[in-house]
Protein chains: 2
Amino acid sequence: MKKIYLAILIAGLIQPVGFSQFEGYKFIDLTYDFDENTIFWPTEEGFKLTVQSFGHTEKGFFYAANKFCTAEHGGTHTDAPIHFYEGRQSVDEIPLENLIGKAIIVDVTMQCAEHRDYRVVVEDFLDWEESHGEIPAGSIVLIKTGFGEFWTDRKLYMGTDERGIEAVNKLSFPGLHPHGAEWLVNERKIKAIGIDTPSIDYGKSQLFETHVILGNNNIPIFENVANLDQLPAKDFSVIALPMKIKAGSGAPTRIIALMSK
Amino acid sequence: MKKIYLAILIAGLIQPVGFSQFEGYKFIDLTYDFDENTIFWPTEEGFKLTVQSFGHTEKGFFYAANKFCTAEHGGTHTDAPIHFYEGRQSVDEIPLENLIGKAIIVDVTMQCAEHRDYRVVVEDFLDWEESHGEIPAGSIVLIKTGFGEFWTDRKLYMGTDERGIEAVNKLSFPGLHPHGAEWLVNERKIKAIGIDTPSIDYGKSQLFETHVILGNNNIPIFENVANLDQLPAKDFSVIALPMKIKAGSGAPTRIIALMSK
């Protein structure tokens, strides 16, 4: 029997990555489509697709191709540290190690349902830790406000469906309090953070202090993250791969979660 | 001793994904930057970034943000099956299972160095199999022509640095022969394919038969894949996450490889 256990153990250890890495896991897409309904900041034009070809060509074959224009910050996207902090990483410079790894969900849906300008505080993280243990160093922390259910209703999701600079003062949605950001960075050494709202700072923010703290510490931020209601509190991984825009302050990003079947 | 083996074995089996999935692995970025030098088809304008803000605002904080315009097909990107086959998957519809998994490299650098209009044939895959065993069903196959070393020199990389429709007839670079594509699909049940050239069809193609075969079979194609010289012939995984463009015929894509340290 001893030999059998040993054989199984060794077989488990030497499985080549290609043949075992993703077996037994399922993928969950945490990304919204980019289309004419994708939510951007009120000052941005949104995602514009132009069809270049869709149909059969003179030579007989079918051919579809498009081009598009977009702001870096809209839909499901990454804020690179440089977005709010000079001299920090641009989106192409974020190490892949910061974009991939173990993740947790901190659920503040109740708090945000009561008060749509709620800011997540240290106590919310301590509450999570009471049930699940200390947030492991190097975690990707996803904040679930429940506002994902409002997508793509701009008024419900961000507090206003108006456009332009005037609308910015009417924004209303929850975010992460600067003290919460400082604590996650300094006390729990997180490597990235995400949220199911348009911004990690709450809608009423004037100085974007949470962005500044995270940027200064080279922590990438994922915004408008989708489908957080499909994830457990822990025991899953996240892979967030932003478009590799040279010197970009952010980029459209495909984010997925990976968990045991 | 039996109990110890059993304990280790069970510990190995029940490790939660978040804490073990990526430990002991390194990531290799197979993606080129998007910037003004990124190579697009001669008929396309290329990647255009517009800086909206870069500097300190009136309120005191630093703020950087950009917008950009691009064709779906340029730089490191995915061709969705619909690109050359009506009714097949658009880029947002490609199952994540087709974009992630075990991968192999088929190296045809020698053939392409001798003849820059080389097309990869079944024999090249059989040669690979003689050394490495049968290509496993469900593989992501990456073709290494060696042309990655020419990036970003358009003349060396694609045969012409001219722009516009006239330049298309001057294209010259290697690709995959339609017979090779048919064989990979039917005999080896691959789930995706990539190449380090601007197109899976060689530069002189007029009818894009290889695209048509792969599109018809809902096989996504990755083009302008970078850094294939950093990968072994097998025993690694690929994660290719395209921007989620609704009904897109393709999209800029971040592609990475994952292998044991």
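(A) Expanded view of the sheet that holds strand E3 (residues 62-71) of chain A. Taking strand neighbours across the sheet as the criterion, the 4 strands line up as E2(A)-E3(A)-E3(B)-E2(B) in an open arrangement whose pairing is antiparallel. Each edge of the open sheet carries a strand with a single partner, namely strand E2 (48-56) of chain A together with strand E2 (48-56) of chain B. Neighbour-to-neighbour, the strand axes of this sheet turn through a mean angle of 5°, independent of strand direction. Judged from the 8 bridges that link them, E2 of chain A and E3 of chain A form a sheet pairing that is antiparallel.

(B) Molecular detail of helix H7 (residues 178-188) of chain A. All names here are of chain A. Within H7 the residues assigned to the buried category are Pro178, Gly180, Ala181, Trp183, Leu184, Val185 and Arg188. On its buried face, H7 sits against strand E6 (119-120), helix H5 (122-132), strand E7 (140-144), strand E8 (175-176), strand E9 (192-195) and helix H8 (209-216). Taken from the residues just after H7, Lys189 is the one with a positive phi, measuring 50°.

(C) Representation of the state of the cysteines in the model. Applying the stated criterion to the full structure yields 1 disulfide over all chains. Covalent S-S linkage joins Cys69 of chain A and Cys69 of chain B, the inter-sulfur distance amounting to 2.0 Å. In this structure, the disulfide formed by Cys69 of chain A and Cys69 of chain B twists by about 115° around the S-S bond and is classed as right-handed. You can see Cys69 of chain A sitting in strand E3 and its partner Cys69 of chain B sitting in strand E3 (residues 62-71), one on each of two chains. Judged by its relative accessible area of 30%, Cys69 of chain A falls in the partly exposed class.

(D) Local environment of the relation of the copies chain B and chain A. Superposing chain B onto chain A takes a rotation of 180° plus a shift of 0.0 Å along the axis, which leaves an RMSD of 0.0 Å. On this basis, the relationship between the two copies can be described by a two-fold rotation axis. Considering only C-alpha atoms, the residue of chain B closest to the rotation axis is Cys69 of chain B, which sits at 2.0 Å.

(E) A look at the packing of H5 of chain A against H7 of chain A. Residue and element names in this part refer to chain A. Put simply, H5 and H7 touch, their axes get as near as 8 Å, and they point 50° apart. With respect to their mutual orientation, H5 and H7 come out oblique. Counted together, Val122, Phe125, Leu126 and Glu129 of H5 and His179, Gly180, Trp183, Leu184 and Arg188 of H7 form the full contact between these two elements. By residue class, the composition of the contact of H5 with H7 is 5 nonpolar, 2 polar and 2 charged.

(F) Region of interest: the packing of aromatic side chains. Using the criterion set out here, one finds 27 aromatic pairs over all chains in the structure. On the numbers, 5.1 Å between centres and 90° between planes, the contact of Phe54 of chain A with Phe62 of chain A is edge-to-face. Its relative accessible area of 53% is what places Phe54 of chain A among the exposed residues. Taking relative accessible area as the criterion, Phe62 of chain A reaches 4% and is therefore assigned buried. Consider the rings of Phe61 of chain A and Phe208 of chain B, whose centres lie 5.4 Å apart with planes at 75°: the pair is edge-to-face. One end of the pair, Phe61 of chain A, is in the loop between E2 and E3; the other, Phe208 of chain B, is in the loop between strand E9 (192-195) and helix H8 (209-216), on a second chain. In this pair, the class of Phe61 of chain A matches that of Phe208 of chain B, namely buried. By the ring-pair criterion, three or more aromatic residues cluster together here, those being Phe34, Phe47 and Phe68 of chain A together with Phe34, Phe47 and Phe68 of chain B.

(G) Geometry of empty space enclosed by the protein. Considering all chains together, one arrives at 1 cavity of 30 Å³ or more under this definition. Taken as a whole, the largest cavity spans an internal volume of roughly 30 Å³. Looking at the lining of the largest cavity, the elements with two or more residues in it are strand E11 (236-242) and strand E12 (250-260) of chain A together with strand E11 (236-242) and strand E12 (250-260) of chain B. Among the residues forming the lining of the largest cavity, the class breakdown is 8 nonpolar, 2 polar and 2 charged.

(H) Just the interface of chain B and chain A, in detail. Residue-level contacts link 76 residues of chain B with 76 residues of chain A. Here chain B packs against chain A, burying approximately 7200 Å² in sum over the two surfaces, 66% of which is carbon and sulfur. On inspection of chain B and its partner chain A, the count reaches 6 salt bridges. Notably, a salt bridge pairs Glu45 of chain B with Lys67 of chain A, separated by 4.0 Å at the nearest N-O pair. If you look at where chain B meets chain A, you find 22 residue pairs in polar contact (both at pLDDT 80 or more). Counting residues per element, the side of chain B that touches chain A draws most heavily on E3 of chain B, at 10 residues. By residue class, the composition of the side of chain B that touches chain A is 44 nonpolar, 15 polar and 17 charged.

Conventions we followed
- Residues numbered from 1 in each chain as written.
- Chains lettered and ligands numbered in written order.
- Predicted model: local features only at pLDDT ≥ 70, side-chain atom pairs only at ≥ 80, totals over all residues.
- Heavy atoms only, no water.
- Pairing = 2+ DSSP bridges.
- Helix = DSSP H or I, 4+ residues; strand = E, 2+ residues; numbered from the N terminus.
- Axes fitted to C-alpha atoms, helices over the stretch in contact; angles between N-to-C directions.
- Buried < 20%, exposed > 50% of the residue type's maximum accessible area, 1.4 Å probe, protein only.
- Contact = heavy atoms within 4.5 Å.
- Disulfide = S-S within 2.5 Å.
- Least-squares fit on C-alpha atoms with pLDDT ≥ 70 in both.
- Parallel < 35°, antiparallel > 145°, perpendicular 65-115°, else oblique.
- Nonpolar A, V, L, I, M, F, W, Y, C, P; charged D, E, K, R; others polar.
- Phe/Tyr/Trp six-rings, centres within 6.5 Å; stacked < 30°, edge-to-face > 60°.
- 1 Å grid on protein atoms, 1.4 Å probe; cavity = no way out; pocket = protein on both sides within 12 Å on 5 of 7 lines; lining within 4 Å.
- Points joined across faces, edges and corners; volume = space filled by probe spheres on them.
- Buried area = accessible area lost by both parts, 1.4 Å probe.
- Salt bridge = Lys/Arg side-chain N within 4 Å of Asp/Glu carboxyl O.
- Polar contact = N/O pair within 3.5 Å; in protein donor to acceptor, adjacent residues only side chain to side chain.

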